[in-house]
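Overview (structure and organization)
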Amino acid sequence: MKVFKFGGASVRDAAGIRNVATILRRFSSENLAVVVSAMGKTTNALEDLTRAYAKGKGDKDAILAKIHEDHIKEMDDLFENNRNHPVYAAVAEVFSGIQKRFDVTASANYDLVYDQIVSQGEFISSVIVSHYMNAQGIENTWYDARTIIRTDSTFREGKVDWDASQKLANQHLIPFYIGSVGRKIAITQGFLGSTSIGLTTTLGREGSDYTAAILAYLLDAKDVTIWKDVAGVMNADPRKYDKAVKFDRISFREAIELSYYGASVIHPKTIKPLQNKGIPLYVKSFLQPEEKGTIIQASEEYDHLIPSFIFKSNQVLISVLPRDFSFIVEENLREIFDVFASLGVRVHLMQNSALSFSVCIDHNEDKFPDLLKRLQENYKVKYNETVELITIRHYDQATIDMLTNAKEILVEQKSRHTARFIVRPKL
Ligand code: ADP
Ligand code: ASP
Ligand code: MG
């Protein structure tokens, strides 16, 4: 069997979902697990909704109504305004489930609330996609991913319990495919899992790629294809660099490095489960599905041919300094890291000197104020909010010059294969 994953861009609207049907008809005659993301920017809208409900920032009813209307519009297009089609009631049920939460005050655990609400985008889209495919004669069964993927209770970044998930997959999903006559298709949600007491967790933003890899691992899939709006994995984000070139093949190792540094075409956690079982990953264009795309596999033979680069904007460079001019020593580092770890803030780059410790992190408006407050309890903190982090793999001087030209370099780090720069526009 194979796993296909359709991200937010591929199911953004009715035309996108029709294209998914074309791909399912043409590109596999084998059993499939199909993972879908929330449609278009629904996850962002649900984040706004969570903020409005739990923090009183915005009009929650208006935001919820708008999300529902947007989905009804696409359903009208797909189901030819046949409002009697059961898909409308199924989707309405998801919305009334969210609405009902508003009757009670939000729990103080924001991340828990976030996961219960933000996960709903994937339920809505998977219900629509499943109904539409059945209506088109692409017979499939809808699965609730929470019955298969078990995580701990780290809300917004659920850690997969592999043994428990394997047992659940053996029990609930594997029998679906066994002894099948003709191909069988299961359609499920990306991005989410469930704790042992049945609370929904999410796997981190953009986590649907990871779901595809988790399922491939649990089901021993032959391969995974993630369908994207780009030709494959390229040496830079083509939206930010118009001369980007596509890799025909790269290794698991290189893919992990690129995604770790922020090449957002693949979620960083996607590769490990696939590498562990030697399951190849194809990244292909849903716009040109017959093209070859990129294959990610074990061989490292082709990795070094051209430099790749990754831009991470919206970064903050924070410097933490002891108040009394004492050195930064191991105890300080432990204390500082504890603050980052306990708030779930990921450090992208760090550097220390005698009197300061600097880190580069995403500018996350939910977490930044708390982070500052905690650090300021014991240290003087300086920060610069307008920086960008540039990473170059397999760097050469020409690429460094091209990318840092006209920028002020605040921090520079080089290792054998990777050069990294924190920069800001020259004043
Ligand atoms: P999905 O629809 O699955 O959510 P994403 O939008 O998360 O897809 O990922 C696809 C996007 O990743 C592309 O539109 C592209 O702008 C971006 N991207 C970033 N880095 C790269 C890269 N190195 N190669 C290809 N695409 C990249
Ligand atoms: N819908 C989720 C997000 O936008 C997960 C995903 O699309 O991968 O983060
Ligand atoms: Mg995405």
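In this text the structure is predicted, and so the values were computed from the model without any measurement.

Looking only at helices and strands, the protein features 13 helices and 16 strands. Its C-alpha radius of gyration of 23 Å places the protein within 12% of the 22 Å reference for a compact globule of 427 residues. In terms of principal-axis extent, the alpha carbons of the protein reach across some 70 × 55 × 40 Å. For the protein, buried positions account for 53% of its 427 residues. Pairs at least 24 residues apart make up 73% of the contacts formed inside the protein by residues separated by at least 6 positions. Between the mean site of the 53 positive side-chain charges and the mean site of the 54 negative ones, the protein shows a separation of 1 Å.

It is worth spelling out the nonpolar core at this point. For soluble globular proteins, the rule of thumb is that nonpolar side chains tend to be buried together. Core analysis: the biggest nonpolar cluster contains 46 residues, and F6, I17, L24, I128 and M133 have the highest contact counts within it. Not counting the four nearest positions on each side in its chain, I17 is found in contact with S10, V11, M39, L78, I128, V129, Y132 and M133.

This brings us to the pattern of salt bridges. Taken as a whole and assessed by the stated rule, the structure comprises 29 salt bridges. Here D362 makes a salt bridge to K312, at a shortest N to O gap of 4.0 Å. A residue pair is termed long-range when its members are at least 10 positions apart, and D362 in strand 13 (residues 357-362) and K312 in strand 11 (residues 308-322) qualify at 50 residues. Judged by its relative accessible area of 37%, D362 falls in the partly exposed class. Residue K312 is classed as buried on the basis of its relative accessible area of 17%. Each of D48, R51, K55, D111, R156 and D366 takes part in a single network of salt bridges with overlapping partners.

Right, let's talk about the site of ligand 1 for a bit. Taken together, 17 residues lie around ligand 1, and K5, K228, D229, D237 and R239 are the ones closest in. Between E206 and ligand 1, the recorded distance is 3.1 Å, taken from a side-chain N or O atom to an oxygen atom. In this structure, an oxygen atom belonging to ligand 1 sits 2.7 Å away from a side-chain N or O atom of D229. Computed on the free molecule, ligand 1 has an accessible area of 570 Å², of which 90% lies beneath the protein chains in the complex. Across the shell around ligand 1, the residue classes break down as seven nonpolar, four polar and six charged.

Now for the site of ligand 2. As a structural note, the neighbourhood of ligand 2 is formed by S37, A38, T43, E122, F191, R205, E206, G207 and S208. Between a nitrogen atom of ligand 2 and a side-chain N or O atom of E122, the distance comes to 2.6 Å. Here G207 contributes a backbone N or O atom positioned 3.3 Å from an oxygen atom of ligand 2. Coverage of ligand 2 by the protein amounts to 94% of the 260 Å² it exposes when considered alone. For the shell around ligand 2, a count of residues per class yields two nonpolar, four polar and three charged.

Here we take up the pairing of strand 14 (residues 379-393). Where strand 11 and strand 14 come together, twelve bridges link them in antiparallel fashion. When the bridges of strand 14 are listed, L317 appears paired with N384. Across six bridges, strand 14 lies against strand 16 (residues 418-425) in antiparallel orientation. If you follow I390 over to strand 16, its bridge partner there is F421.

Time to look at the side chain of T43. Topologically, T43 is positioned in helix 2 (residues 42-55). The residues contacting T43, other than those within four sequence positions of it, are A38, V118, E122, F191 and R205.

Reading the values: rules and limits
Residues numbered from 1 in each chain as written. Chains lettered and ligands numbered in written order. Predicted model: local features only at pLDDT ≥ 70, side-chain atom pairs only at ≥ 80, totals over all residues. Heavy atoms only, no water. Helix = DSSP H or I, 4+ residues; strand = E, 2+ residues; numbered from the N terminus. Rg over C-alpha atoms; globule rule 2.2 N^0.38 Å. Buried < 20%, exposed > 50% of the residue type's maximum accessible area, 1.4 Å probe, protein only. Contact = heavy atoms within 4.5 Å. Lys, Arg positive; Asp, Glu negative; His and termini not counted. Charge placed at Lys NZ, Arg CZ, Asp CG, Glu CD. Core = buried A, V, L, I, M, F, W, Y, C linked by side-chain atoms within 4.5 Å. Salt bridge = Lys/Arg side-chain N within 4 Å of Asp/Glu carboxyl O. Near = heavy atom within 4 Å. Polar contact = N/O pair within 3.5 Å; in protein donor to acceptor, adjacent residues only side chain to side chain. Areas by Shrake-Rupley, 256 points an atom, 1.4 Å probe, with all protein chains shown as cover. Nonpolar A, V, L, I, M, F, W, Y, C, P; charged D, E, K, R; others polar. Pairing = 2+ DSSP bridges.

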